[in-house]
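# A closer look at the structure
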Amino acid sequence: MPLIINDIYPEKLFREDGKRLDGREKNELRPIKMEVGVISNADGSAYLEWGNNKIYAAVYGPREVHPHHLAKPDRGILRVFYRMATFSVFERKRPAPGRREKEISMIITDCLEPVLFLELYPGTAFEVFIEVMDADGGTRCASTTVAALALADAGVPMRSLVSSVAVGKIDGQLVTDLSGIEDKAGDADLPCAITWFNEELSLLQFDGDMSIEELNESLLNARNALDQIHQLQLTALKSKYTSILEEVEGGED
Ligand code: CDP
């Protein structure tokens, strides 16, 4: 049941018991489930449920670049296509990719590029297709996280995974992982992503209002959440190989 109807937001984003409207503590992530190898026609793929967000990512490459003029003679390129299904939001979204989808595709490309060895693949492209089937805030972060997992599932050499989460402020209090309603009715939203090989931020956006002290505390909140998300990514990758191993061992006698 959507909580936002015709842009009428609730007056308070915390309940009487001090919890958020969806029952979470201030720094609690929404429930997250990840799975790899979900699309048989892709070189690598992953599926993510993050609260009410449901997102697929499929990876192809390295392969020939179309149109050819985009190819770079001295390195490969990464192309990310973030799309939201028309039925993924409360108000029907126009099917053609809009300005927001193009911007988010670019942001995700910038987040992922530092972990790839594109210099080893001249003239080719890695393509990542992201389809948001259901959206409820933080889809750029969830998409970056699931896209990194799909690249790893494709066996693309990577310096490390990339994890992403949004932190921010609602009703004057700092929180982790804003839902759609918190994103729209809150005070500040700070999506960020980390590349684990150098522990640097490859994304830091900011929308809203907060003090320097709050910003520092928010980044610490993000770091905690990013650690948890990274563990979930690693578990999802390992569980694919554990199930293959179990299948092989089960068929040995
Ligand atoms: O999804 P993310 O927070 O990265 O991006 P946003 O542009 O801040 O959008 C926040 C949320 O607004 C999305 O996750 C969707 O739930 C919702 N949205 C929508 O209802 N209709 C759109 N056309 C775009 C976004």
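This write-up is about the structure you can find in this document.

Calculation criteria
Each chain has its residues counted from 1, running along the sequence as written. Reporting of local features is limited, given that this is a predicted model, to residues whose pLDDT is at least 70; pairs of side-chain atoms are given and counted only at 80 or more, and all residues count toward the totals for whole chains, interfaces and linings. The side-chain values count all of the structure's non-hydrogen atoms but skip hydrogen atoms and water molecules. If a single non-hydrogen atom of a residue is within 4 Å of a molecule or strand, that residue counts as near it. A 3.5 Å cut-off defines polar contacts: any pair of N or O atoms within that distance qualifies, except that in protein one atom must be a possible hydrogen donor and the other a possible acceptor, and neighbouring residues in sequence count only when both atoms are side-chain atoms. Here the Shrake-Rupley method, with its probe set to 1.4 Å, supplies the accessible areas, and only the displayed protein chains count as covering residues. A run of H or I in DSSP becomes a helix once it reaches four residues, and a run of E becomes a strand once it reaches two; helices and strands are each numbered from the N terminus. In this description, strands pair whenever DSSP reports at least two bridges between them. Convention adopted: a line fitted to C-alpha atoms gives each axis, helices being fitted over their contacting stretch, and angles between N-to-C directions are expressed from 0 to 180 degrees. Should a side-chain nitrogen of Lys or Arg be within 4 Å of a carboxyl oxygen of Asp or Glu, the pair is scored as a salt bridge. Only protein chains enter the calculation, and the probe is 1.4 Å; a residue is then buried if its accessible area is under 20% of its type maximum, exposed if over 50%, and partly exposed in between.

In this section: the site of the ligand. The environment of the ligand is made up of Met84, Val89, Arg100, Ala135, Asp136, Gly137, Gly138, Thr139, Arg140, Asp183 and Lys184. Between the ligand and Asp136 there is a distance of 3.5 Å, counted from an oxygen atom to a backbone nitrogen or oxygen. Bound to the protein, the ligand loses 74% of the 510 Å² it would expose on its own. Elements with a contribution of two residues or more to the shell around the ligand: helix H2 (139–153) and helix H3 (180–185).

Before going further, it helps to spend a moment on the sheet that holds strand S2 (residues 44–50). If you trace the five strands from one edge of the open sheet to the other, you get S1-S2-S3-S5-S4, paired in mixed fashion. Two strands close off the open sheet at either side, each with one partner strand: strand S1 (32–36) and strand S4 (77–84). When the angles between neighbouring strand axes are averaged without regard to direction, this sheet yields 15 degrees. Bridge count for strand S3 (residues 53–64) against strand S5 (residues 124–134) is nine bridges, and the pairing is antiparallel. Counterpart to Ala58 in the pairing with S5 is Phe129.

With that out of the way, let us pick up the pattern of salt bridges. Overall, the coordinates contain 19 salt bridges when judged by the stated rule. Glu127 is paired through a salt bridge with Arg79; the nearest N and O atoms lie 3.1 Å apart. On the criterion of sequence distance, the pair formed by Glu127 in strand S5 and Arg79 in strand S4 is long-range, its members being 48 residues apart. Between Glu214 and Lys169 there is a salt bridge, with the nearest N and O atoms lying 3.0 Å from each other. Of this pair, Glu214 sits in helix H4 (residues 212–250) while Lys169 sits in strand S6 (residues 162–170), and the two are 45 residues apart along the sequence. Lys169 gets classed as buried once you look at its relative accessible area, which sits at 12%.

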